[in-house]
Structures are given as C-alpha cells and as structure tokens.
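Examination of the molecular architecture
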Amino acid sequence: MTRLPLIVANWKMNTSLADAYLLANGVRNALHHLEHTEMVLCPPSVWLGLLAEHSVPPRQYSTLKLGAQNMHAAPAGSYTGEISPAMVREVAEYVIVGHSERVRYGRETVEQSNAKLHAALAHGLTPILCVGEPRKSKDSVRQVVQHLGHLVKGLSNAELREVVVAYEPVWAIGTGDPATPEYAQEVAWVLKQHLPAETRLLYGGSVEPGIAAGFLASPQIDGLLVGGASVNLKKFLTICQHADDTVVSARTATYRHPR
Ligand code: 13P
C-alpha cells in the first residue's frame, strides 16, 4: 500500500486566535480535495486545546491532525511555563522534538531532546524529530548522521518506526535558501540507511509552493515540514495539493486497464 505523504505545518510563534481558526478551518474545509495526504498542524500551544475542540477534533478526521511544537519530558511537576506529554496527548497526536530554534533560543541539549523523544513515545505521541547541520559544508552528511545517532539513543527499532525524522538543515530555515531537492535526497538516502524502512523522513527549510513538488518527487522524502509558508492558507494548501498530486500521478502511472 502506498504511504500517504505527510505535510507538517509549524506555525512557530505566529497567528492570533482568529488567524488560527481561519487556517485550521480552511485546511479542514479543503480535506475533500486532499484525500491522499496526511496533514499535521502545529499551532502555538495556547491554541491547541481550542483547535482540538472546535476545528480539528482529535482522531475525528483521519488525515488532519494536530501537533505540539514542543513539550517537557517530565510527566508533571514544578516546571513553570512548560507543558507535559500527557497534556499534549489530550489534544494532539504529534509533537515536534529538538527543533533547531529550541536549541538556539531555548538552549535545548541533545540529551533533553532524547528524553523528550522517549517521553513522547511512552505517551503514544508521534514525535517529529528534527535533525540538521548548522552550516553547509563538505562534512554535512556525516554531521547529520552523527546528530541523529545521539538524538535516538536508547530507542528500539520498533520505537524508531514510530518516529518521523525531519531533515532540516539549519542554514535553510527561514532564510529563503532551501536545499536543492537533489541534496536533500542525498542526505535523506544516507539517513534512511540508519533507520527502519518504515520511518518517515521529511524535508524542511524554506519550503514554498513553487519548490515543494521537487522534494515530493524524491522516493527518499515522505513529506515536508513547512514553517513560514504554512501560516498562509493559500500557500499551505498549494503545497498539500502538490503532495496529493504526487500520489495520484504515481497511481495513474502504475495503473493498467484490465483486459
Ligand atoms: P521555514 O519554512 O520558514 O524555513 O521554517 C522551516 C522550519 O523550521 C519548520 O520547522
């Protein structure tokens, strides 16, 4: 069976509540055109419960899901301002772990990301684990593989299958300078040598509607993690439509009329 492409919207610290409803309802209302694509919206955590209640009830829509942008690894406790895995699980199915902006601005360590990964899996959440090299260099691929190795420490193969790995070269995030699909595919291929065949792998970094199809055409890339373009409904839906079209055209290409 063909796996559905996965398009994740990371709204980061953007949107008013009104924007959040417009975006989430807009995606929900377009679902009938996007039957072959799984979409995950990751709004700021203060909107999660409201969107889960009014726009994207958990599990009700099979292809539209909610995710958190971050969480704490501990089950509960005196961690002012944090949210726990169990809290996220009440309103969402996914959680982004180890985003480079958490590393850069929140000083998140690889050990903390690893603890969050374990906690997410223990609570039945699907982690979207971010890996990526800080700068373009000849050594990039080795750095990314090493980064992945540290992040997934202690995970069984069965657990790794549940993880979504997002290859996000840090130099491509929010810069308007995306990796080329060829480069992303090369890194994705190497990363996949270190992961179970079932683990989904996304590309993220300055994805815009005009370049989405190039990444989605790669057999190594199972979807996209979209930042800036995901808070523009038209752009986000165009990216999702490209993902849907790749499935439809792949099916048409292999279809043989029965004689
Ligand atoms: P941009 O698409 O804005 O570059 O952000 C990518 C990203 O960080 C998604 O998590």
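Use the structure listed above.
The following paragraphs examine the structure supplied in this document. (Residues numbered from 1 in each chain as written. Predicted model: local features only at pLDDT ≥ 70, side-chain atom pairs only at ≥ 80, totals over all residues. Heavy atoms only, no water.)

Lining the immediate surroundings of the ligand are 13 residues, of which K12, H99, G174, S206 and G228 lie closest. Take N10: an N or O atom from its side chain is 3.0 Å from an oxygen atom of the ligand. Interatomic distance of 2.8 Å between a backbone N/O atom of G228 and an oxygen atom of the ligand. In the complex, the protein chains occlude 94% of the 310 Å² of accessible area that the ligand would expose alone. Along the lines of polarity and charge, the residues of the shell around the ligand split into four nonpolar, seven polar and two charged. (Near = heavy atom within 4 Å. Polar contact = N/O pair within 3.5 Å; in protein donor to acceptor, adjacent residues only side chain to side chain. Areas by Shrake-Rupley, 256 points an atom, 1.4 Å probe, with all protein chains shown as cover. Nonpolar A, V, L, I, M, F, W, Y, C, P; charged D, E, K, R; others polar.)

With that settled, consider the layout of surface pockets. By volume, the largest pocket is sized at about 530 Å³. Around the largest pocket, the lining is made up of 19 residues, and of these K12, M13, Q69, N70 and R102 lie nearest the centre. Elements represented by at least two residues in the lining of the largest pocket include exactly α2 (45–54) and α4 (100–106). Here the lining of the largest pocket gets four residues from one element, more than from any other, and that element is α4. Class assignment for the residues of the lining of the largest pocket results in eight nonpolar, seven polar and four charged. Taken as a whole, the second largest pocket holds about 410 Å³ of empty space. S100, E101, V103, R104 and V170 are, among the 23 residues lining the second largest pocket, the residues nearest its centre. Elements with a contribution of two residues or more to the lining of the second largest pocket: α4, α5 (110–122), β5 (126–131) and α6 (140–151). In terms of residue class, the lining of the second largest pocket is built from 10 nonpolar, eight polar and five charged. (1 Å grid on protein atoms, 1.4 Å probe; cavity = no way out; pocket = protein on both sides within 12 Å on 5 of 7 lines; lining within 4 Å. Points joined across faces, edges and corners; volume = space filled by probe spheres on them. Helix = DSSP H or I, 4+ residues; strand = E, 2+ residues; numbered from the N terminus.)

Now for the sheet that holds strand β2 (residues 38–42). Sheet architecture is closed into a barrel: eight strands sit in the order β1-β2-β3-β4-β5-β6-β7-β8, paired in parallel fashion. Mean inter-strand twist for the sheet, computed between neighbouring axes without regard to direction, equals 25 degrees. Pairing analysis gives four bridges linking strand β1 (residues 6–10) to strand β8 (residues 223–226), with the strands arranged parallel. Opposite V8, over in β8, you have L225 as the bridge partner. Contacting β5 and β6 (164–167), α6 runs over the sheet at an angle of about 145 degrees to β5. Packing of helix α9 (residues 209–216) onto the sheet brings it into contact with β1, β7 (200–204) and β8, and relative to β8 it is tilted by some 145 degrees. (Pairing = 2+ DSSP bridges. Axes fitted to C-alpha atoms, helices over the stretch in contact; angles between N-to-C directions. Contact = heavy atoms within 4.5 Å.)

Our next topic: the packing of aromatic side chains. Under the defined criterion, the tally for this structure stands at three aromatic pairs. On the numbers, 6.1 Å between centres and 55 degrees between planes, the contact of W171 with Y183 is tilted. With W171 in the loop between β6 and α8 (181–193) and Y183 in helix α8, the pair connects residues that are 12 residues apart, well separated along the chain. Three or more aromatic residues joined by ring pairs make a cluster, and in this case those are Y167, Y203 and F215. Just above the ring of W171 sits the side chain of K136; from NZ or CZ to the centre is 4.6 Å. (Phe/Tyr/Trp six-rings, centres within 6.5 Å; stacked < 30°, edge-to-face > 60°. Lys NZ or Arg CZ within 6 Å of the ring centre and 35° of its normal.)

Evaluation of the coordinates by the stated rule reveals nine salt bridges. Between E38 and R200 there is a salt bridge whose closest N-O contact spans 3.0 Å. Here the residue E38 occupies a position in strand β2, and R200 occupies one in strand β7, the gap between them amounting to 162 residues. The same class applies to E38 and to R200, which are both buried. Note that E198 and R161 form a salt bridge whose closest N and O atoms lie 3.3 Å from each other. On the criterion of sequence distance, the pair formed by E198 in the loop between α8 and β7 and R161 in helix α7 (residues 157–162) is long-range, its members being 37 residues apart. Taken together, the shared-partner salt bridges connect E38, K65 and R200 into one network. (Salt bridge = Lys/Arg side-chain N within 4 Å of Asp/Glu carboxyl O. Buried < 20%, exposed > 50% of the residue type's maximum accessible area, 1.4 Å probe, protein only.)

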